Amino acid sequence: MHYHKLEQFPKDFLWGASISAYQAEGAFDEDDKLLSIIDKYNHPKDVANFEVASDFYHHFKEDIQLLAEMGLKAFRFSIAWTRIMTFDESRVNKKGIAFYHQVIDECLKHGIEPIVTMYHFDLPYCLEEKGGWANRATIDQFLDYVQVLFQEYGDKVNYWLTINEQNTMILHPGAIGIPETGELPTKKELFQINHHVLLAQAKAFKLYHDLHLKGQIGPAINLTAMYQATAAPADAIAAHNWETLRGWSFLDTAVRGTYNYLFEKYLMDRKLYPTVNNGDFDILKAGKPDFIAINYYSTATIAASKNDGTDQSARAGDQQIMLGEEGVYRAAENPYVDKTPYGWVVDPIGLRLTLRKLYDRYGLPILITENGYGAPDTLEVNGSIHDPERINYLAQHIYAIQEAITDGVQVIGYLPWSAIDVVSTHQGFNKRYGFIYVDRTDSDLKELKRWKKDSFYWYQKVIQRNGLN
Ligand code: BG6
């Protein structure tokens, strides 16, 4: 639908940017931080690991100062569970607690709203040794941690995100590293893990509301609308299959406290249904989110399954992510969209569509917690970094959000990935997303100096104007 005039962004729109603890902080074993699965898992050898990352742990003041200069209204970061809990009689690590107080206070000092993710892929390794999320006891451990977060930071933080991209964890577990055994959990185990994470999340929602804290809490899913490859009805069913199994099945439980009907049938048919204890659905129903956060990068295009053993294939340029599922769907090419240098589909209209579908379904406010353009950048001798493709990508997506707002969708903020350059999940430091360049390479830490990219100055103007020109 074309409009005569687009609506303005709301006055209190949360213009921001995002990072996660393990991809930005470094200091992986400093100040008694425990190791997480990320620290112990195997990652591709030829790219940067997460030990130093962007060294946000030692640069956070300078970084937040730069974010303030860019004009950010909000900054999303995650807290590392492994810096907070000790899993011994001391219960908490005072140095870790103090670190995040400093980060939050630094944001508040600059008038930046801290938006906190409680869990961004980095399970404490000591819990993994006891079975990780497959062990139901991890739910209580998570709640213990969450209780500390609310107690410490509850009066300073207004927006909480429970679990980052639960669907990536479950559907593409290899994306965040490979266990030392070389073996990823089976599908059956993954859906048990999924059930436990959903319970942990619902309990966190409930606890937050029971404490009557002043802010809001929600899940953060990687969401994308699915296109059918052709007008063939079988393609339409396949696209619906995957849209449900990849996105709605996670959110339906988070919002409604039930398992989606198609998801249930899929699990039962394939003997993947998790063990569900008496009362689990009461727990799921008792915890409600106030808003939904989504990470949106690309749409996917879907063809009917052939169910002949060939439905699965590796994502272009990325052997660690498999697309397609036997008897469910096949990945197809979309001739109408561009791609990033890493082969990710660029589809701003798809964001508008995704926002509409999400709002249709739940009617809850939406916070966009990730969106961005991952590509190599070049630091010029004069210290400039020209990233016109990133600016173009972000501008198109901001326009699409404005269109969605004009459609009537309630979008409350936009927090592109990433505030500063961080280590990509499994593709190192060559693939950059930041507004602020961090001067290091995969193999050379250099001085980790910060430089402002062209996109920094561009986003600064967008925020000043409260939207595009
Ligand atoms: C999201 C994750 O899936 O995508 C981030 O929440 C991640 O942690 C981002 O970095 C971009 O993906 P990648 O693989 O390019 O780092």
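What you see is a predicted model; the values in this text were computed from it and never measured. (Residues numbered from 1 in each chain as written. Predicted model: local features only at pLDDT ≥ 70, side-chain atom pairs only at ≥ 80, totals over all residues. Heavy atoms only, no water.)

**Student:** So what about the environment of Gly374? Which residues, and what values?
**Tutor:** Tracing the sequence through the fold places Gly374 in the loop between strand E14 (366–370) and helix H14 (388–407). The buried category is assigned to Gly374, whose relative accessible area is 3%. Separated by 47 residues in sequence, Gly374 and Asp421 place their C-alpha atoms 9.7 Å apart. Apart from residues no more than four positions distant in its own chain, Gly374 is found in contact with Thr340, Pro341, Tyr342, Lys431, Arg432 and Tyr433. (Helix = DSSP H or I, 4+ residues; strand = E, 2+ residues; numbered from the N terminus. Buried < 20%, exposed > 50% of the residue type's maximum accessible area, 1.4 Å probe, protein only. Contact = heavy atoms within 4.5 Å.)

**Student:** Break down the layout of surface pockets for me, with residues and values.
**Tutor:** Leftover empty space is mapped by rolling, across the atoms, a probe with the size of a water molecule. Considering only enclosed or pocket space, the largest pocket measures out at about 920 Å³ in volume. Contributing to the lining of the largest pocket are 46 residues, with Arg246, Ser298, Arg315, Leu323 and Trp344 lying nearest its centre. Of the residues assigned to the lining of the largest pocket, the class counts are 20 nonpolar, 19 polar and seven charged. For the second largest pocket, the calculated volume is near 510 Å³. Along the walls of the second largest pocket sit 25 residues, with Tyr41, Glu128, Pro179, Pro185 and Ile193 positioned nearest its centre. Secondary structure elements with two or more residues in the lining of the second largest pocket: helix H6 (125–128), helix H8 (166–171) and helix H9 (187–210). When residues of the lining of the second largest pocket are assigned to their parent elements, the largest contribution, three residues, is made by H9. By residue class, the composition of the lining of the second largest pocket is 17 nonpolar, four polar and four charged. (1 Å grid on protein atoms, 1.4 Å probe; cavity = no way out; pocket = protein on both sides within 12 Å on 5 of 7 lines; lining within 4 Å. Points joined across faces, edges and corners; volume = space filled by probe spheres on them. Nonpolar A, V, L, I, M, F, W, Y, C, P; charged D, E, K, R; others polar.)

**Student:** Tell me about the site of the ligand, residues and numbers included.
**Tutor:** The environment of the ligand is made up of 14 residues, and the closest members are Gln23, Glu165, Thr425, Lys431 and Tyr433. In this structure, an oxygen atom belonging to the ligand sits 3.3 Å away from a side-chain N or O atom of Trp417. At 2.6 Å from an oxygen atom of the ligand is found a side-chain nitrogen or oxygen belonging to Lys431. Relative to its free-state accessible area of 380 Å², the ligand is covered by the protein chains to the extent of 95%. (Near = heavy atom within 4 Å. Polar contact = N/O pair within 3.5 Å; in protein donor to acceptor, adjacent residues only side chain to side chain. Areas by Shrake-Rupley, 256 points an atom, 1.4 Å probe, with all protein chains shown as cover.)

**Student:** Go over the nonpolar core, please, and point to the residues and values.
**Tutor:** Ranked by internal contacts, the top residues of the largest apolar core, which has 137 residues, are Phe142 and Tyr459. Top contributing element to this core by residue count: H9, with twelve residues. Listed in part, the eleven residues of the second largest apolar core include Ala74, Leu161, Phe291 and Ala293. (Core = buried A, V, L, I, M, F, W, Y, C linked by side-chain atoms within 4.5 Å.)

**Student:** If you had to explain empty space enclosed by the protein to someone new, which residues and values would you point to?
**Tutor:** For the structure on display, the rule yields four cavities of 30 Å³ or more. Here the largest cavity defines a volume of roughly 90 Å³. Ala21, Tyr22, Gly26, Lys33 and Asp39 are the residues nearest the centre of the largest cavity, which is lined by 13 residues in total. A class-by-class count of the residues in the lining of the largest cavity yields five nonpolar, three polar and five charged.

**Student:** Give a detailed account of the sheet that holds strand E2 (residues 74–78), specifying residues and quantitative values.
**Tutor:** In space, the eight strands of this closed barrel follow the order E1-E2-E3-E4-E5-E7-E14-E15, with parallel pairing throughout. Within this sheet the neighbouring strands show an average axis-to-axis angle of 30°, counted without direction. Where E14 lies against strand E15 (residues 411–414), three bridges are found, and the strand directions are parallel. In the strand pairing of E15, Ile366 is matched with Val411. Lying on the sheet, helix H10 (residues 233–256) is in contact with strand E5 (216–222) and strand E7 (292–295); it crosses E5 at an angle near 165°. (Pairing = 2+ DSSP bridges. Axes fitted to C-alpha atoms, helices over the stretch in contact; angles between N-to-C directions.)

**Student:** Can you lay out the packing of helix H7 (residues 137–153) against H9 for me, pointing to particular residues and giving the numbers?
**Tutor:** The angle between the axes and the distance between the axes are what describe a pair of packed helices. For the pair H7 and H9, the least separation of the axes is 9 Å and the interaxial angle reads 30°. Considering the angle they form, H7 stands roughly parallel to H9. The interaxial crossing formed by H7 with H9 has right-handed handedness. Only His196, Leu199, Ala200, Lys203, Ala204, Leu207 and Tyr208 of H9 make contact with H7, whose side of the interface consists of Ile139, Asp140, Phe142, Leu143, Val146, Gln147 and Phe150. Grouping the amino acids of the contact of H7 with H9 by side-chain chemistry returns ten nonpolar, two polar and two charged. (Parallel < 35°, antiparallel > 145°, perpendicular 65-115°, else oblique. Left-handed = near helix turned anticlockwise from the far one by under 90°.)

**Student:** Break down unusual backbone geometry for me, citing the residues and quoting the values.
**Tutor:** For the peptide bond that leads from Trp417 to Ser418, omega is 5°, which places it in the cis range. Along the chain, Ser418 falls in the loop between E15 and strand E16 (436–439). One non-glycine residue, Ala27, lies in positive phi territory at about 45°. Counting through the fold element by element, Ala27 comes out in the loop between helix H1 (21–24) and helix H2 (37–40). Residue classification places Ala27 among the buried residues on the basis of a relative accessible area of 8%. A positive phi angle, near 50°, is found at Ala53, a position not held by glycine. Mapped onto the elements, Ala53 comes out in the loop between H2 and helix H3 (56–70).

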